[in-house]
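For reference, the chains in residue letters:
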Amino acid sequence: ATGYFHSQEGEWDSNGQALWILERFHALTGRWPSTSAGRDWHTVVRRGAEWIARKRLDADSDRPEAGLLPAGFSAEHLGPNDYYYWDDEWAVAGLRAAARLMDAEADAPAARWMRAEAEDLAQCIDRAQANDARRLGAALLPASPLRRMDAGAIGSVVGGYPLQQRPANDAALLATVDYLLAAHRVGGGFFQEMIHAGINAYLTLHLAQILMRAGDDRGLALIEAVADLASPTGQWPEAIHPHTRGGCMGDGQHVWAAAEWVSVMRNAFCREEDRGLVLGAGVLPRWLAAGETLSFGPTPTVYGAVSVTITPESGGCQVEWRIDGGDPAWITVALPGHAPVALAGEARATRVEAVA
């Protein structure tokens, strides 16, 4: 009734996440989720956006956290209560998603207000992170405007993945990934030092996805590391002990970890980026070396269901795809170890050449 998507009191990321996934569902299916109660989704979305606006701190303060969401424990694994950028990035994404939903409902006034609120919050984040760059001496993304660089910075990369609110080549984002890999990598994966202490499969895959977007093949090694950490039943604990390689905290079969594996396999073959599609960017070279045809799909996208087939050939690969819907603005085929090929949105096949 208040508009708060309540997970646990003190977690302020849930509203942005709920609004974002509602819009994602709507964009992929063209409809709202069905409920036996016949829920009024328009009111749900409006209240959820209004809650974010009410919850924000005073933006006119000279405090570094001005205009952000209050201190809380966020997604539980970032440390003690603080003004976490993880919450704020999700809130911006949720407000923008809510605006798109209001566009679909032809509620122009609500859409305008939600976009204005999103941009105001985004400006507060930018101002806080500009201050971070000054105090840290480099463009980096700490966990909050009051923190040094530490393992909690993993939450601040959310603007790169899954939200894609930062460009793929964003300097601060990639510098933060470099820091996390250099300072907090154990057993091939990201090691969370606080609360959820252990090697974390799903956060390792967040880093892999950001590197995949940037065309950095280090992301492939992270995917391989997570695969190697899987249990005999193809699952991951919430935190993995670096010595026993078994679970040491949380759920023994963690749903977030499993969902991230599905996401990274999907994006390895087909990823939406801006107004286009990137195909094959996470296909592992050893898969191609086996010489067998690879296929994935159909997977839902905003352009319709997409299926991708990759056939290794002498000196390269033949890549074909089907889109059961409209054409994207552009398509890039970006198989690791091959020269990328940029194509118009109506293309449906190409050959990519292997590079030395």
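Residues numbered from 1 in each chain as written. Predicted model: local features only at pLDDT ≥ 70, side-chain atom pairs only at ≥ 80, totals over all residues. Heavy atoms only, no water.

A. Spatial organisation of the overall build of the protein. On a plain count of helices and strands, the protein comes out with nine helices and 13 strands. Relative to the globule expectation of 21 Å for 356 residues, the C-alpha radius of gyration of the protein, 21 Å, shows essentially globular dimensions. On the principal axes, the C-alpha backbone points of the protein span a range of 65 × 50 × 45 Å. Here the protein holds 356 residues, and 52% of them are scored as buried. When contacts within the protein are restricted to residue pairs at least 6 apart in sequence, those whose partners lie at least 24 apart make up 56%. For the protein, the exposed surface amounts to about 15000 Å²; the carbon and sulfur share of it is 52%. Positive and negative charge centroids in the protein, built from 30 and 44 side chains respectively, lie 2 Å apart. (Helix = DSSP H or I, 4+ residues; strand = E, 2+ residues; numbered from the N terminus. Rg over C-alpha atoms; globule rule 2.2 N^0.38 Å. Buried < 20%, exposed > 50% of the residue type's maximum accessible area, 1.4 Å probe, protein only. Contact = heavy atoms within 4.5 Å. Areas by Shrake-Rupley, 256 points an atom, 1.4 Å probe, with all protein chains shown as cover. Lys, Arg positive; Asp, Glu negative; His and termini not counted. Charge placed at Lys NZ, Arg CZ, Asp CG, Glu CD.)

B. Just the packing of aromatic side chains, in detail. On inspection of all chains with the given rule, the structure shows eleven aromatic pairs. With 4.7 Å between their ring centres and 5° between their planes, Y4 and W51 make a pair best called stacked. Taken together, the positions of Y4 in the segment before α1 (14-29) and W51 in helix α2 (residues 41-55) put the pair 47 residues apart, joining distant regions of the chain. Accessibility assignment for this pair places Y4 and W51 in one class, buried. A ring pair is formed by W32 and W41, whose centres lie 6.2 Å apart and whose planes are at 5°; its orientation type is stacked. Pairwise contacts between aromatic rings join W20, W86, W90, Y202 and W256 into one cluster. Directly above the ring of W12 sits K55, whose terminal nitrogen or CZ lies 4.1 Å from the centroid. (Phe/Tyr/Trp six-rings, centres within 6.5 Å; stacked < 30°, edge-to-face > 60°. Lys NZ or Arg CZ within 6 Å of the ring centre and 35° of its normal.)

C. View of the sheet that holds strand β8 (residues 294-299). In space, the four strands of this open sheet follow the order β8-β9-β10-β13, with antiparallel pairing throughout. One side of each edge strand has no neighbouring strand; the edge strands of this open sheet are β8 and β13 (349-353). The sheet shows a mean angle of 15° between the axes of neighbouring strands, taken without regard to direction. Most of the contacts of helix α8 (residues 255-269) go to β8, to which it runs at about 110°, and overall it touches β8 and β9 (304-313). (Pairing = 2+ DSSP bridges. Axes fitted to C-alpha atoms, helices over the stretch in contact; angles between N-to-C directions.)

D. Inspection of the nonpolar core at higher detail. If you look at the biggest cluster of nonpolar residues, it comprises 49 residues, and the most contacted ones within it are I154, L207 and I223. Here this core takes nine residues from helix α6 (residues 201-213), the largest share from any one element. Setting aside chain neighbours within four positions, we find L207 in contact with I154, V177, L180, L181, F190 and L222. (Core = buried A, V, L, I, M, F, W, Y, C linked by side-chain atoms within 4.5 Å.)

E. Highlighting the pattern of salt bridges. Applying the stated criterion across every chain yields a total of 23 salt bridges. Ionic pairing is found between R63 and E65, a salt bridge with its closest N-O pair at 3.0 Å. Its relative accessible area of 43% is what places R63 among the partly exposed residues. You can call E65 buried: its relative accessible area is 5%. The partner of R348 in a salt bridge is D327, with the nearest N and O atoms 2.5 Å apart. On the criterion of sequence distance, the pair formed by R348 in the loop between β12 (341-344) and β13 and D327 in the loop between β10 (316-325) and β11 (330-333) is long-range, its members being 21 residues apart. (Salt bridge = Lys/Arg side-chain N within 4 Å of Asp/Glu carboxyl O.)

F. Representation of unusual backbone geometry in the model. Cis geometry is adopted by the peptide bond preceding P162, which originates at Y161 and carries an omega value of 5°. For P162, the location among the structural elements is in the loop between α4 (108-136) and α5 (171-183). With an omega of 5°, the peptide bond running from G297 to P298 counts as cis. The topology assignment puts P298 in strand β8. Of note, E76 is a non-glycine position whose phi angle comes to about 80°, a positive value. Mapped onto the fold, E76 is located in the loop between α2 and α3 (85-104).

G. Seen up close, the pairing of β9. Bridge count for β8 against β9 is four bridges, and the pairing is antiparallel. Each residue of the ladder has a partner; that of T299, found in β9, is V306. In this structure, the hairpin formed by β8 and β9 is closed by a connection of four residues. Between the antiparallel neighbours β9 and β10 lie two residues, among them G315 with a positive phi of about 80°.

H. Here's a closer look at α1. In this model, α1 (16 residues) spans 22 Å end to end at C-alpha, consistent with the 22 Å of a helix rising 1.5 Å per residue. Those residues of α1 that sit buried are S14, N15, G16, A18, L19, W20, L22, E23 and H26. Contacts made by the buried residues of α1 are with α2 and α3. Downstream of α1 by a residue or two, G30 has a phi angle that is positive, lying close to 75°. (Expected span 1.5 Å × (residues − 1).)

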